[in-house]
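# Residue-level structural notes
Spelled out from the first residue to the last, the chains are:
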Amino acid sequence: MTPASGGPDEVTKEYPVDGLSLDEIERLIGAADGRDDDLWKTISGLGVARVARLLVEEIVFRADPANVHRTFDVGLELTGEGIAEPVGYVFRVRPEGQIEFFEGTSATAVHVISYDCADLVRDVFGHARTPRPSRRALRPRFEESHDPSRDRDLLESVLYSQRATTAVLSGIDAAPPDLGELSTRYLSDKWGGLHWFTPHYERHFGGLRHERLRILEIGIGGFEGRSTGGGSLLMWRRYFPRAVVFGMDIFDKSGLDQPRIKTLRGDQNNADWLTGIAREYGPFDIIIDDGSHINEHVLHSFSVLFEHLRTGGTYVIEDMWTSYCPGYGGDDAAVAGPSTSVGLVKKLVDALHHEEHHVAAGVAAEGVASKVAGLHVYRNLAFIDKGINIDGGIPRFIPRRGLV
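Keep in mind the model is a prediction, meaning the values are calculated, not measured. (Residues numbered from 1 in each chain as written. Predicted model: local features only at pLDDT ≥ 70, side-chain atom pairs only at ≥ 80, totals over all residues. Heavy atoms only, no water.)

## A closer look at the overall build of the protein chain
Counting secondary structure elements, the protein chain contains twelve helices and twelve strands. Taking the intrachain contacts of the protein chain between residues at least 6 apart in sequence as the baseline, contacts between residues at least 24 apart amount to 70%. A total accessible area of about 19,000 Å² is found for the protein chain, and carbon and sulfur atoms account for 53% of it. (Helix = DSSP H or I, 4+ residues; strand = E, 2+ residues; numbered from the N terminus. Contact = heavy atoms within 4.5 Å. Areas by Shrake-Rupley, 256 points an atom, 1.4 Å probe, with all protein chains shown as cover.)

## A short note on the packing of helix H2 (residues 36-46) against helix H3 (residues 48-62)
As a packed pair, H2 and H3 sit with axes 5 Å apart at the nearest point and diverge in direction by 100°. Relative to H3, H2 is oriented roughly perpendicular. Residues Trp 40, Ile 43 and Leu 46 of H2 pack against Val 48, Arg 50 and Val 51 of H3. Counted by class, the contact of H2 with H3 contains five nonpolar, no polar and one charged residues. (Axes fitted to C-alpha atoms, helices over the stretch in contact; angles between N-to-C directions. Parallel < 35°, antiparallel > 145°, perpendicular 65-115°, else oblique. Nonpolar A, V, L, I, M, F, W, Y, C, P; charged D, E, K, R; others polar.)

## A few points about the confidence of the model for the protein chain
On average, residues of the protein chain score 88 in pLDDT, and 88% of them are at 70 or above. pLDDT under 50 marks residues 11-16. Its contacts with residues more than four places away, or in other chains, come to 21 contacts. In the model, residues 360-365 has pLDDT below 50 throughout and makes seven contacts with residues more than four positions away in sequence or in other chains. (pLDDT = per-residue confidence, 0-100.)

## Considering the nonpolar core
Counting 45 residues, the largest nonpolar core has Leu 28, Ile 43, Leu 76, Phe 91 and Leu 120 as the members making the most contacts within it. Here this core gets seven residues from one element, more than from any other, and that element is H3. Leave out the neighbours within four places in its chain, and Leu 76 touches Val 56, Val 87, Gly 88, Tyr 89, Phe 91, Ile 113, Tyr 115 and Leu 120. Counting residues in each nonpolar core, the second largest holds 31 residues, with Leu 274, Tyr 281, Val 304 and Met 320 among its members. (Core = buried A, V, L, I, M, F, W, Y, C linked by side-chain atoms within 4.5 Å. Buried < 20%, exposed > 50% of the residue type's maximum accessible area, 1.4 Å probe, protein only.)

## Let's talk about unusual backbone geometry
Residue Pro 283 follows Gly 282 across a cis peptide bond; omega there is -5°. Tracing the backbone through its elements, the reader meets Pro 283 in the loop between helix H10 (271-281) and strand S9 (284-289). Backbone geometry at Leu 187 places phi at a positive 65°, although glycine is not the residue there. Tracing the backbone through its elements, the reader meets Leu 187 in the loop between helix H7 (179-185) and helix H8 (198-205). For Leu 187, a relative accessible area of 75% gives the class exposed. The backbone of Asp 319 shows a phi angle near 55°, a positive value even though the residue is not glycine.

## A word on the packing of helix H11 (residues 295-305) against helix H12 (residues 341-352)
For the pair H11 and H12, the least separation of the axes is 8 Å and the interaxial angle reads 35°. Of the residues in H12, those in contact with Asn 295, Val 298, Leu 299 and Phe 302 of H11 are Ser 341, Leu 344 and Leu 348. Along the lines of polarity and charge, the residues of the contact of H11 with H12 split into five nonpolar, two polar and no charged.

## Details of the sheet that holds strand S6 (residues 213-218)
Spatially, S8-S7-S6-S9-S10-S12-S11 is the arrangement adopted by the seven strands of the open sheet, whose pairing is mixed. Two strands bound the open sheet, and with one partner strand each, they are strand S8 (261-265) and strand S11 (372-378). Averaged over all adjacent pairs, the angle separating strand axes in this sheet is 15°, with direction ignored. Lying over the sheet, helix H9 (residues 231-239) contacts S6, strand S7 (243-249), S8 and S9, oriented at roughly 170° with respect to S7. Packed onto the sheet, H11 meets S6, S9, strand S10 (309-318) and strand S12 (381-386) and runs at close to 175° relative to S10. (Pairing = 2+ DSSP bridges.)

As structure tokens, then:
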């Protein structure tokens with residue numbers, strides 16, 4: 001990246017590097033929970049410069065908007081095992097709230113954040129089950145960076161520069177906002193106006209927030225544009241800081257690819273294609289169908305992809321209102337038929353109770369009946385939990401006729 005004109009002094013020194021692949025990112029996230037020596041082996045194998053670039057991109061993505069009156073530079077310095085010379089980056093915090101980053105150093109940085117590279121990996125990608133002592137050093141450089149021609153008062157500059165540094169550190173320390181706020185930030189339609197889904201997602205997925213996950217969402221939005229839509233993918237990336245998020249759409253959305261987000265182009269009604277991507281990128285921990293909402297497509301996708309959901313995972317179907325719309329293959333009636341998404345959920349209620357059926361013999365060994373462990377249905381939204389649904393059912397000696 002090239003420093004913007006009119007800002008602080010030019011940034012010096014650059015480290016041109018290639019990005020990490022999804023598999024490499026997952027290796028790094030996994031290593032963040034391990035021993036120090038194993039983590040350093042992973043960092044060295046991937047390349048310190050490439051890991052540093054990923055960390056900086058992640059920090060900028062997660063950071064809260066800054067409230068500053070002018071542009072400030074904040075430095076980052078990474079050291080550690082096998083790093084002969086510190087790797088430097090500059091965060092440029094602008095009055096508009098955005099944060100840019102550049103490789104190298106800045107003579108006008110108001111703070112320099114110093115980290116052992118492995119410690120920063122743990123702080124960004126480690127499991128946040130308990131608070132950890134700070135692993136970084138902060139070196140203020142207010143007086144060095146102070147420019148009397150721009151600032152009448154050094155104290156005012158110091159206070160605003162602290163805002164800039166706090167914004168950068170929020171990309172490391174801050175817990176993700178709730179899904180309602182993230183939906184608004186990234187222009188997803190899962191909360192407000194059209195839908196009110198995010199409280200239900202919080203209820204079901206809040207406990208998974210810091211787990212290593214693979215998430216597949218069908219439907220990216222934005223119609224034909226390569227870089228349009230994708231609000232929900234960004235929302236999931238921010239909410240799940242250790243997850244890899246896949247987005248599937250019938251249109252080419254490759255312009256939305258970024259660290260921990262990969263787009264896939266294909267038809268959710270094509271069984272061969274669905275099976276192929278599931279074998280390549282699955283199994284998944286969460287699958288969300290926010291695609292065409294055509295009932296045939298919803299049922300078809302479920303019939304293929306549920307098999308590629310991990311045991312303990314959840315399959316979500318959105319916008320079940322189309323079950324009552326003939327234009328989507330639904331029924332213009334008070335009761336949705338079996339070929340609709342609501343009809344599918346009704347069938348799954350029966351499947352959940354397969355061991356109570358009089359014809360239960362052999363049912364548990366085939367189909368989805370033995371794998372549906374729970375159902376949670378809200379208006380226009382269903383969560384289908386996958387698990388082992390075999391426990392013998394109600395014993396046969398219990399009378400099947402009520403006692404009068």
